[in-house]
Amino acid sequence: MSNDAHLPNEPDPILAGFRKSIDNIDAALIHILAERFRITQAVGEYKAKATLPPADPDREQRQIDRLRALSEDANLDPEFSEKFLRFIIDEVIRHHEQAREDQRG
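In this text, all values refer to a predicted model and were calculated from it rather than measured experimentally.

**Q** Outline the overall build of the protein, listing residues and values.
**A** When you go through the protein residue by residue, the secondary structure sums to 3 helices and 0 strands. When the helices and strands of the protein are listed from N to C terminus, the series reads α-α-α. For 105 residues, the compact-globule estimate of 2.2 N^0.38 gives 13 Å, and the protein exceeds it by more than 25% at 21 Å. Considering only C-alpha atoms, the protein reaches an extent of 70 × 30 × 15 Å along its principal axes. Buried positions account for 18% of the 105 residues belonging to the protein.

**Q** Give a description of the packing of aromatic side chains that names residues and reports values.
**A** Here the structure, examined in full by the defined rule, presents 1 aromatic pair. Considering the side-chain rings of F80 and F84, the 6.2 Å spacing of their centres and the 20° angle between planes classify their relative orientation as stacked. Residue F80 and its partner F84 are both found in helix α3 (residues 78-104); the two are separated by 4 residues, about one turn of the helix.

**Q** Tell me what's going on with helix α2 (residues 57-73), and back it up with residues and numbers.
**A** One turn of an α-helix holds 3.6 residues; hence residues three or four places apart share an orientation. With 17 residues, α2 ought to run about 24 Å at 1.5 Å a step, and its terminal C-alpha atoms sit 24 Å apart, in line with that. What α2 keeps buried is the set E60, Q63, I64, R68 and S71. Buried positions in α2, seen along its axis, are confined to an arc of 135° and lie on one side of it. Seen from the buried face of α2, the exposed residues on the opposite side, beyond 90 degrees, are D58, R62, E72 and D73. Packing partners of the buried residues in α2 comprise α3.

**Q** With reference to specific residues and values, describe helix α1 (residues 13-49).
**A** When the terminal C-alpha atoms of α1 are compared, their 54 Å separation across 37 residues agrees well with the 54 Å that a helix rising 1.5 Å per residue should span. T40, G44, K47 and A48 are the residues of α1 that are buried. Packed against the buried residues of α1 are α3. For α1, the side-chain oxygen to backbone nitrogen distance between the N-cap and I14 is 2.9 Å, and the N-cap itself is D12. The positive-phi residue at the C-terminal boundary of α1 is T51, with phi of around 50°.

**Q** Kindly report on unusual backbone geometry, identifying the contributing residues and their values.
**A** One non-glycine residue, T51, lies in positive phi territory at about 50°. Tracing the chain through its elements places T51 in the loop between α1 and α2. In this structure, N75 takes a positive phi of about 60° despite not being glycine. Examined against the element boundaries, N75 turns out to sit in the loop between α2 and α3. Accessibility expressed as a relative area gives 74% for N75, which makes it exposed.

**Q** Tell me what's going on with the pattern of salt bridges, and back it up with residues and numbers.
**A** Tallying each qualifying case throughout the model produces 7 salt bridges. As a salt-bridge pair, E60 and R86 come within 3.6 Å of each other at their nearest N and O atoms. Of the two residues, E60 is situated in helix α2 and R86 in helix α3; the sequence distance between them amounts to 26 residues. Classification of E60 as buried rests on a relative accessible area of 12%. One salt bridge in this structure joins E91 and R94, with 2.5 Å as the shortest N-O distance. Highlighted residues: E91 and R94, both in helix α3, separated by 3 residues, approximately one helical turn.

The rules behind these values
Each chain has its residues counted from 1, running along the sequence as written. With the structure being a predicted model, the display of local features is reserved for residues of pLDDT at least 70 and the display and counting of side-chain atom pairs for 80 or more, all residues being used for whole-chain, interface and lining totals. For side-chain calculations, the full set of non-hydrogen atoms in the structure is used, while hydrogens and water are omitted. Each helix is a run of H or I in the DSSP string that is no shorter than four residues. Each strand is a run of E no shorter than two, and both are numbered from the N terminus. With C-alpha atoms as the basis for the radius of gyration, the globule rule is written as 2.2 Å multiplied by the number of residues raised to the power 0.38. Type-normalised accessible area, obtained with a 1.4 Å probe on protein chains alone, sets the label of each residue: buried when under 20%, exposed when over 50%, and partly exposed for intermediate values. Stacked, tilted and edge-to-face are the three classes applied to pairs of Phe, Tyr and Trp rings, where Trp contributes its six-membered ring and a pair requires centres within 6.5 Å; stacked means planes under 30 degrees apart, edge-to-face means over 60, and tilted covers the rest. In this scheme, a helix's expected span is set at 1.5 Å multiplied by one less than its residue total. Within this analysis, the arc is defined by the directions that extend from the helix axis to the C-beta atoms. Note on definitions: a residue-residue contact is assigned when non-hydrogen atoms from the two residues lie within 4.5 Å. Any pair of nitrogen or oxygen atoms within 3.5 Å is treated as a polar contact; in protein, a donor-acceptor pairing is required on top of that, and neighbouring residues in sequence qualify only through side-chain atoms on both sides. A side-chain nitrogen of Lys or Arg and a carboxyl oxygen of Asp or Glu constitute a salt bridge if their distance falls within 4 Å.

Everything listed is a geometric property; what it means functionally is a separate question.
Dropping the structure here:
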């Protein structure tokens, strides 16, 4: 048996190490997203009070373009990053629309 082999019922220590790193990154992503949504909620409340529209298509496109470039620099699929950002933006807009409705009474 080679040094890399392990018994079938024993956890693979290399795989366990990778998974622990992934778990840590996932936790960090959740905390980052939570902070992002706390800030965008404040933006939505401000927009509602200032009677600004919930969406800003020009800003959204600039953000998508910026993050696509960042993705390319980071060797991350820009299509994936755009889909991910679009999902977040759509959720933010939904929250902003709700804030506008709440402001109207």
